[in-house]
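# Descriptive analysis of the structure
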Amino acid sequence: MENYEEFYEFMSEYTDFYNEVSKNEKIKMDALASDDLQMINKVLSEYQVYVTKAEIYEKKRNELFRRLGLEGKTFRAIIDMETGDCHDELEDLFYDFREAVMSAREYNNRSLDIVRKNLKETGNQGYDGVTDPACYDKNGTLSEKNYSPMNILDRQA
């Protein structure tokens, strides 16, 4: 692949970002489990930074893929186009990327379970279509200003 280093460096940075997201998702899950409203508000406010960063990374990824002629290809398909050391390096990076996203998703799912349990206990069960606990305000109600259809965990490797 032409510009292999540029592609590898970007995907490595993107992987590091999702490792950071995973750590933040764990903090968010722990905060939700703690029932400490101040901590929950702090963590959910910080979470919005990650949503913004994810949007920026996705725009950069789309631009890079377009520029390199990889538009519409998955990471897996790009790996399969390579041979030798490049293939092996990308394969390793792919597994790191996938693990970071899956870990973040798992913590997010646990957070959702905590939110659903808490809502059920309080008699508020009307939030089944919402997949992001960051869209609730401090009273546990759906907040349109906090809700974004962009979910940073909706990524396909």
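Since the structure is predicted, the reported quantities are computational estimates derived from the model, not experimental observations. Along each chain, the written sequence defines residue order, and numbers are assigned to residues from 1. Confidence filtering applies because this is a predicted model: local features only for residues at pLDDT of at least 70, side-chain atom pairs given and counted only at 80 or more, and all residues used for totals across whole chains, interfaces and linings. Heavy atoms throughout the structure, all of them, feed into the side-chain values; hydrogens and water do not.

## Here we look at the side chain of Ser22
Runs of E in the DSSP output that reach at least two residues are strands. Runs of H or I that reach at least four are helices, and both are numbered from the N terminus. Along the chain, Ser22 falls in helix H1 (residues 4-34). What makes two residues a contact is simply this: any of their non-hydrogen atoms within 4.5 Å. Leave out the neighbours within four places in its chain, and Ser22 touches Ala100, Ser103, Ala104 and Tyr107.

## As for helix H4 (residues 84-122)
An α-helical turn contains 3.6 residues, so any two residues separated by three or four positions project in the same direction. Compared with the 57 Å implied by 1.5 Å per residue over 39 residues, the 57 Å span of H4 between its first and last C-alpha is a close match. Positive backbone phi, approximately 85°, marks Gly123, located one or two places after H4. One less than the residue count of a helix, multiplied by 1.5 Å, gives the span that helix is expected to have.

## Side note on the packing of aromatic side chains
Working definition: a ring pair exists when centres of Phe, Tyr or Trp rings (six-membered ring for Trp) sit within 6.5 Å. Plane angles under 30 degrees give stacked, over 60 give edge-to-face, the rest tilted. On inspection of all chains with the given rule, the structure shows 15 aromatic pairs. When the ring of Tyr18 is compared with that of Phe97, the centres are 5.9 Å apart and the planes differ by 80°; the resulting orientation is edge-to-face. Pair noted here: Tyr18 is in helix H1 and Phe97 is in helix H4, with a separation of 79 residues, a long-range link. Only protein chains enter the accessibility calculation, which uses a 1.4 Å probe. A residue is then buried if its area is under 20% of the maximum for its type, exposed if over 50%, and partly exposed in between. Relative accessible area serves as the criterion here: at 0%, Tyr18 is assigned to the buried category. An aromatic cluster of three or more residues is present, and its members are Phe7, Phe10, Tyr14, Phe17, Tyr18, Tyr50, Tyr57, Phe65, Phe75, Phe94, Tyr95 and Phe97.

## Some details on the packing of H1 against helix H2 (residues 37-67)
For the pair H1 and H2, the least separation of the axes is 10 Å and the interaxial angle reads 160°. Accordingly, the angle class assigned to the pair H1 and H2 is roughly antiparallel. Here the hand of the crossing between H1 and H2 comes out left-handed. Split into classes, the residues belonging to the contact of H1 with H2 amount to 20 nonpolar, 1 polar and 10 charged. To obtain an axis, a line is fitted to C-alpha atoms, over the contacting stretch when the element is a helix, and the angle between two such axes runs from 0 to 180 degrees between their N-to-C directions. Comment on the angle field: the value is read as roughly parallel under 35 degrees, roughly antiparallel over 145, roughly perpendicular from 65 to 115, and oblique elsewhere. Take the far helix as your reference; a near helix turned counterclockwise from it by less than a right angle gives a left-handed crossing, and one turned clockwise gives a right-handed crossing. Residues are grouped as follows: nonpolar covers Ala, Val, Leu, Ile, Met, Phe, Trp, Tyr, Cys and Pro; charged covers Asp, Glu, Lys and Arg; every other residue, Gly included, is treated as polar.

## Re H2
The first and last C-alpha atoms of H2 sit 45 Å apart over 31 residues, in line with the 45 Å expected at 1.5 Å per residue. Buried within H2 are the following residues: Ile40, Val43, Leu44, Tyr47, Tyr50, Val51, Ala54, Tyr57, Glu58, Arg61, Leu64 and Phe65. Where H2 is buried, its residues touch H1 and helix H3 (75-81). Two N or O atoms form a polar contact when they lie within 3.5 Å of each other; inside protein one atom must be a possible hydrogen donor and the other a possible acceptor, and for residues adjacent in sequence the pair counts only when both atoms belong to side chains. For H2, the capping residue at the N-terminal end is Asp36, with a side-chain oxygen 3.2 Å from the backbone nitrogen of Gln38. A positive phi of about 75° marks Gly69, the residue just after H2.

Keep in mind that these numbers describe shape and distance, not what the molecule does.
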